[in-house]
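# Results of the structural survey
So the chains spell out like this:
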Amino acid sequence: MELAERVKILSAGAKYDVSCSSSGSDRKNTGNMIGDTAACGICHSFTEDGRCISLLKILMSNDCVFDCQYCVNRRSNDIQRASISPQELCELTMGFYRRNYIEGLFLSSAVFVNPDHTMEILLQTVKTLREVCLFNGYIHLKAIPHADPALIDQASRYVDRMSVNIELPSEQGLKKLAPSKTKESILKPMKQLSDIYLNGQELANHKNLLGVGGNVLISDPVGKPKQKPNHPISAGQTTQLIIGATPDADGTILKLSQALYRLYRLKRVYYSAYMPVGNSKLLPSAPANTKRENRLYQADWLIRFYGFDVDEFISPEVNLNYDLDPKTDWALRNMDKFPIEINNAPYEVLLRVPGIGIKNAWRIVRARKSGRLGLEDLKRMKVVLKRAINFITIDGKFFGIRNYNQLNNYMLQEPNQQLSIFDDQKLSIVTGEF
Ligand code: SF4
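Residues numbered from 1 in each chain as written. Predicted model: local features only at pLDDT ≥ 70, side-chain atom pairs only at ≥ 80, totals over all residues. Heavy atoms only, no water.

### A word on the overall build of the chain
Of regular secondary structure, the chain possesses 16 helices and 9 strands. Across the 434 residues that make up the chain, the buried fraction comes to 53%. Sequence-distant contacts in the chain: of pairs separated by 6 or more residues, those separated by 24 or more amount to 68%. Counting every atom, the chain has about 20,200 Å² of accessible surface; 52% of that belongs to carbon and sulfur. (Helix = DSSP H or I, 4+ residues; strand = E, 2+ residues; numbered from the N terminus. Buried < 20%, exposed > 50% of the residue type's maximum accessible area, 1.4 Å probe, protein only. Contact = heavy atoms within 4.5 Å. Areas by Shrake-Rupley, 256 points an atom, 1.4 Å probe, with all protein chains shown as cover.)

Laid out in structure tokens, this is it:
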């Protein structure tokens, strides 16, 4: 099969993996415009400063020996199979890179022959890219479950980020839908990647202290990183969870995400609403609600950036309220904690007010050093007052809706409440991706 045909198949096979962001746009060049977009193949990722970069997103092979029911590349699915050699992939990447089509590579693979063989080929590819082709762009590489840890360790030295996809939020789901994988085969490489990342950071910090050229990531909640770390998988690890393929509730899913952030220092958990890609009787016939996916991302922000513990806003067997963003939903269920006084509430408390996000909480804390704040100051800071005003006092005065039922209805109807936990557009695109 021609290389172009194989690339088409392999990039289409990679598009279901959202553990790096993808645009999904498909627009041909009309002749009077510059460039075009493709639904698969080149995807977009975000750096920590919010810059959008394009990646070649591709599989080494879609010829899988495993049979995960939710996956288009599974053994029992009757699809066209293709593979690409390390040499071909290096040439393709360098060709795209030199022509400025891409700024990096997202390389994954089905398990072909066996996990070790697959990991060896992936390792050979990234090693050749770095050492022979001298490719200095971004690389995000998949770690293959069940692969030899020594291969994963070697591969980590050549790439910026690695990921192992959990896919299913519970062990029961894994047993039912992906029997070739085990909880251990996923968590073990995750733990290994976490150790590699932390050791690298420690070493970089140490070198920096000694003044021998190490790099430390120094940042504050409103600032940009001042220096980039330079060590194996310096951009950390991510994972993907498929939502709606199993009956697992949002509470269980978020509890798992929280554990992954805390135990394995994940940079990001991606939630992918289940889409039927076959006719397996073990799976729902309809796609999962994408609004659910959106609410899970918002709840994930509460854990990562707003200092919430999952247990504070959801129980394990319960789903999120899809009609309200999770922070507003929490606030309405905890009205005994409001209103808070804008002129003396601690930063952590300000963060919990619907309509006040990370940047504005910091702005408020900083501005208070120069004097007491009034309504006009909050307007100038672009606090989303139509929401926040119901949960704060300003110099002891309350300007919001006092009646709980009225407030609840107002929040349900408030047109932009979907975005209410993100008070700043620039910050809302910071996805944790490099
Ligand atoms: S191992 Fe990966 S590629 Fe293979 S069937 Fe499972 S999810 Fe799909």
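### Side note on the pattern of salt bridges
Under the counting rule described, the total for this entry stands at 13 salt bridges. Arg-292 serves as the salt-bridge partner of Asp-250, at 2.7 Å between the closest nitrogen and oxygen. A residue pair is termed long-range when its members are at least 10 positions apart, and Asp-250 in helix α7 (residues 250–264) and Arg-292 in helix α8 (residues 290–305) qualify at 42 residues. Across the salt bridge formed by Asp-311 and Lys-255, the nearest N and O atoms sit 2.9 Å from each other. Highlighted residues: Asp-311 in helix α9 (residues 310–313) and Lys-255 in helix α7, separated in sequence by 56 residues. (Salt bridge = Lys/Arg side-chain N within 4 Å of Asp/Glu carboxyl O.)

### Considerations on the pairing of strand β3 (residues 104–108)
Of all the 5 residues making up β3, 5 are buried; the element is thus mostly covered by neighbouring parts of the structure. Burial along β3 is two-sided: Gly-104, Phe-106 and Ser-108 facing one way and Leu-105 and Leu-107 facing the other are all buried. Note that strand β2 (residues 52–59) and β3 share 5 bridges and pair parallel. Across the sheet, residue Ile-58 finds its bridge partner in β3, namely Leu-107. Each parallel crossover has a hand, and for β2 linked through helix α2 (residues 86–98) to β3 it is right-handed. For the handedness criterion, the β-α-β arrangement of β3, helix α3 (residues 115–131) and strand β4 (residues 138–142) is classed as right-handed. (Pairing = 2+ DSSP bridges. Right-handed = clockwise from strand over helix to strand, strands pointing away.)

### Examining unusual backbone geometry
A cis amide bond, omega 0 degrees, links Phe-338 with the succeeding residue Pro-339. Mapped onto the fold, Pro-339 is located in the loop between α10 (326–333) and β8 (340–341). A positive phi angle, close to 65 degrees, is found at Lys-382, a residue other than glycine. With respect to the helices, strands and loops of the structure, Lys-382 is situated in the loop between α13 (375–380) and α14 (385–388).

### Here's the deal with the site of the ligand
The local shell around the ligand consists of Cys-64, Phe-66, Cys-68, Cys-71, Arg-74, Ala-110, Val-111 and Lys-181. In terms of residue class, the shell around the ligand is made up of 6 nonpolar, no polar and 2 charged. (Near = heavy atom within 4 Å. Nonpolar A, V, L, I, M, F, W, Y, C, P; charged D, E, K, R; others polar.)

### Points about the packing of aromatic side chains
Applying the stated criterion across every chain yields a total of 9 aromatic pairs. Between Tyr-97 and Phe-135 the ring centres are 4.7 Å apart and the planes differ by 75 degrees, which places this aromatic pair in the edge-to-face class. In this pair, Tyr-97 is assigned in helix α2 and Phe-135 in the loop between α3 and β4, connecting sequence segments 38 residues apart. You can call Tyr-97 partly exposed: its relative accessible area is 29%. (Phe/Tyr/Trp six-rings, centres within 6.5 Å; stacked < 30°, edge-to-face > 60°.)

### Points about the environment of Tyr-197
One can find Tyr-197 in helix α6 (residues 183–210). What makes Tyr-197 buried here is its relative accessible area of 7%. Counting along the chain gives 67 residues from Tyr-197 to Tyr-264, while the straight-line C-alpha distance between them is 9.5 Å. Residues contacting Tyr-197, with those up to four places away along its chain left out, are His-231, Ile-233, Ser-234, Gly-236 and Lys-267.

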